[in-house]
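As a plain string of letters, each chain reads:
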Amino acid sequence: MDPLKEKFQEKASALKTEIKALLKEQGSTVVDEVTLKQVFGGMRGVKSMVWETSQLDAIEGIRFRGYSIPQLRELLPTGNGKEPLPEGLFWLMLVGEVPTAEQVKWLTDQWISRSMVPDHTFKVLDALPIDTHPMTQFNIAITSMQTSSVFSRRYAEGLNKSEYWDATYEDAMNLIARLPRVAAYIYRRTYHKGHHIQPDISLDWGANFAHMLGIEGSDFKSFMRLYLTIHADHEGGNASAHATHLVGSTLSDAYYSLSGGMSALAGPLHGLANQEVIKWVFRMLDTLGTRRPTKDQIADYVNSTLASGQVIPGYGHAVLRQPDPRFIAQKRFAEEYILDSEVVNVIWKCFEVIPPILKGLGKVKNPWPNVDAHSGAILVHYGLSEYSFYTVLFGVSRALGVLSQLCWSRAMGFPLERPKSVTTEWITEFLEKQKESGVVNN
Ligand code: HAX
């Protein structure tokens, strides 16, 4: 058995025993209550699922197995650059231990050895109209690779429940290994006349992805490593993670599950916001007729966007109540690596101008920038200006978190998700009955 899988089995078996005991002794303990507002309001904050790989705090932001993004930058192996390798984060999320440089090198080599994309996936992509949105292509490519799911094949052969996790681990590793090649293929076919670039197997996962996209230079490779690390996971309740989890709970394999997650990521209130931000910024610059707008000009444009009933993309969050540490990590990167960029400067000016305006509306719970507010400007700086592709980059990274959790869900034997829904009529009757029996609600 490979060393990562062996470590995972050991950790998972210990946690399974712990959970079993917890449920036996305290299974009826109440951990949360649900208000009517939450029932109608997208289940915000309702504690109703377990997600081992990361946890989000409204003020501190994301912690991966307890480590903040600045800590990860200190602790995770960096290869030959300064930014953490996403391989290291995957290892950390999967087994809860910071890996050594040797362990990360082993994982890089594993993913290279598993990275062969089935030929029919390229044919499926080539059959799609060239103007098909890259996220649609990405999702179709992921589903097309389901033909090689180890879990589905072994399940059809009569897989024992106790081995679900093993087959899921194999699928997760294979799928992650192939995603950069698939994503780069989509990018090159859509924007570079199908002039594809072969993988360079001497490079790590993130750097090889940068290379296959066709953007050379060590700084862009560094940015891809950072980007693929910080977008990987954001606890379990966000739409792409939860969708992956829900689909996976039916025993759909990793390919179907990730495809469900990617459909959620493709929404403008979630991952598509990264393309919407840069689209919005360039529309603003075109409208204003300048690349160096003043703060007053930005404020006027923000107000006109709000007046036309649209949200300001890249701002706000369902959980966070501070500037997103993933935004701050990208700002720090830009300050260190990018000396002067007009578009990056605009993003920084927006960071000063937008929060007070959103705060002034009185209804926006978080006026601060989220992860999507910054990435586009850095990508444009390095020459990746085709913004319709940005959410695919996010998707490649998000696979690390949601698929490592899928391994945990299988190993823990988590059941089919099936929350209860009610009609408004049921709620009205429920409230009536409460009133009749003298229950006072505020
Ligand atoms: N611009 C304008 N209005 C905003 C806003 C923004 N950036 N963020 C929130 N609001 C509005 C909401 O639309 C809502 O208005 P109504 O009551 O009129 O419907 C009100 O403020 C309260 O919303 P909220 O409770 O603060 O925010 P939600 O939890 O409902 O929504 C969203 C969180 C991220 C969807 C929201 O902030 C938003 O639409 N932001 C812009 C899109 C975006 O950047 N999405 C990416 C989020 C991060 C992510 O998932 N990345 O992948």
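Model, not experiment: these values are computed from the prediction.

**Description of the nonpolar core**
For soluble globular proteins, the rule of thumb is that nonpolar side chains tend to be buried together. By size, the foremost hydrophobic cluster in this structure holds 115 residues, and its most contacted members are Phe 138, Phe 220, Leu 384 and Leu 403. Not counting chain neighbours up to four residues away, the residues in contact with Phe 138 comprise Leu 179, Val 182, Ala 183, Ile 186, Met 262, Val 392, Gly 395 and Val 396. Val 150, Phe 151, Tyr 164 and Ala 167 belong to the second largest nonpolar core, which has 5 residues in total.

**Notes on the side chain of His 234**
Residue placement: His 234 occurs in the loop between helix H11 (218-230) and helix H12 (239-248). A polar contact is formed between the side chain of His 234 and the side chain of Arg 326, at a distance of 3.3 Å. Sequence-distant contacts of His 234, that is, excluding residues within four places in its chain, are made with Ser 54, Leu 56, Ile 62, His 317, Leu 320, Arg 326 and Arg 398.

**Examining the site of the ligand**
Taken together, 21 residues are adjacent to the ligand, and Gly 314, Tyr 315, Lys 363, Lys 365 and Asp 372 come closest. In this structure, Leu 269 approaches the ligand through a main-chain N or O atom, which is 2.9 Å from a nitrogen atom. Taking Asn 370, its side chain carries an N or O atom lying 3.0 Å from an oxygen atom of the ligand. About the coverage of the ligand: the protein hides 76% of its 910 Å² of free accessible area. The class makeup of the residues in the shell around the ligand is 11 nonpolar, 6 polar and 4 charged.

**Some points on a negative patch on the surface**
A cluster of acidic residues, Glu 425, Glu 429, Glu 432 and Glu 436, forms a negative patch at the surface. With respect to the helices and strands, Glu 429 occurs in helix H20 (residues 424-436). According to the relative accessible area criterion, Glu 429 is partly exposed, its value standing at 42%.

**Examining the pattern of salt bridges**
For the coordinates displayed, the defined rule picks out 26 salt bridges. Of the charged contacts in the structure, one is a salt bridge between Arg 73 and Glu 336, with a shortest N-O distance of 3.5 Å. Taken together, the positions of Arg 73 in helix H3 (residues 69-75) and Glu 336 in helix H16 (residues 325-337) put the pair 263 residues apart, joining distant regions of the chain. A salt bridge links Lys 123 to Asp 119; its shortest N-O distance comes to 3.5 Å. Within this pair, Lys 123 and its partner Asp 119 are both found in helix H6 (residues 119-127), separated by 4 residues, close to a single helical turn. For Lys 123, a relative accessible area of 57% puts it in the exposed group.

Rules and cut-offs
- Residues numbered from 1 in each chain as written.
- Predicted model: local features only at pLDDT ≥ 70, side-chain atom pairs only at ≥ 80, totals over all residues.
- Heavy atoms only, no water.
- Core = buried A, V, L, I, M, F, W, Y, C linked by side-chain atoms within 4.5 Å.
- Buried < 20%, exposed > 50% of the residue type's maximum accessible area, 1.4 Å probe, protein only.
- Contact = heavy atoms within 4.5 Å.
- Helix = DSSP H or I, 4+ residues; strand = E, 2+ residues; numbered from the N terminus.
- Polar contact = N/O pair within 3.5 Å; in protein donor to acceptor, adjacent residues only side chain to side chain.
- Near = heavy atom within 4 Å.
- Areas by Shrake-Rupley, 256 points an atom, 1.4 Å probe, with all protein chains shown as cover.
- Nonpolar A, V, L, I, M, F, W, Y, C, P; charged D, E, K, R; others polar.
- Patch = residues over 30% accessible without salt bridge, like charges linked within 9 Å, V, L, I, M, F, W, Y side chains within 5 Å.
- Salt bridge = Lys/Arg side-chain N within 4 Å of Asp/Glu carboxyl O.
- Lys, Arg positive; Asp, Glu negative; His and termini not counted.
- Charge placed at Lys NZ, Arg CZ, Asp CG, Glu CD.

Read these as spatial facts, not as claims about activity.
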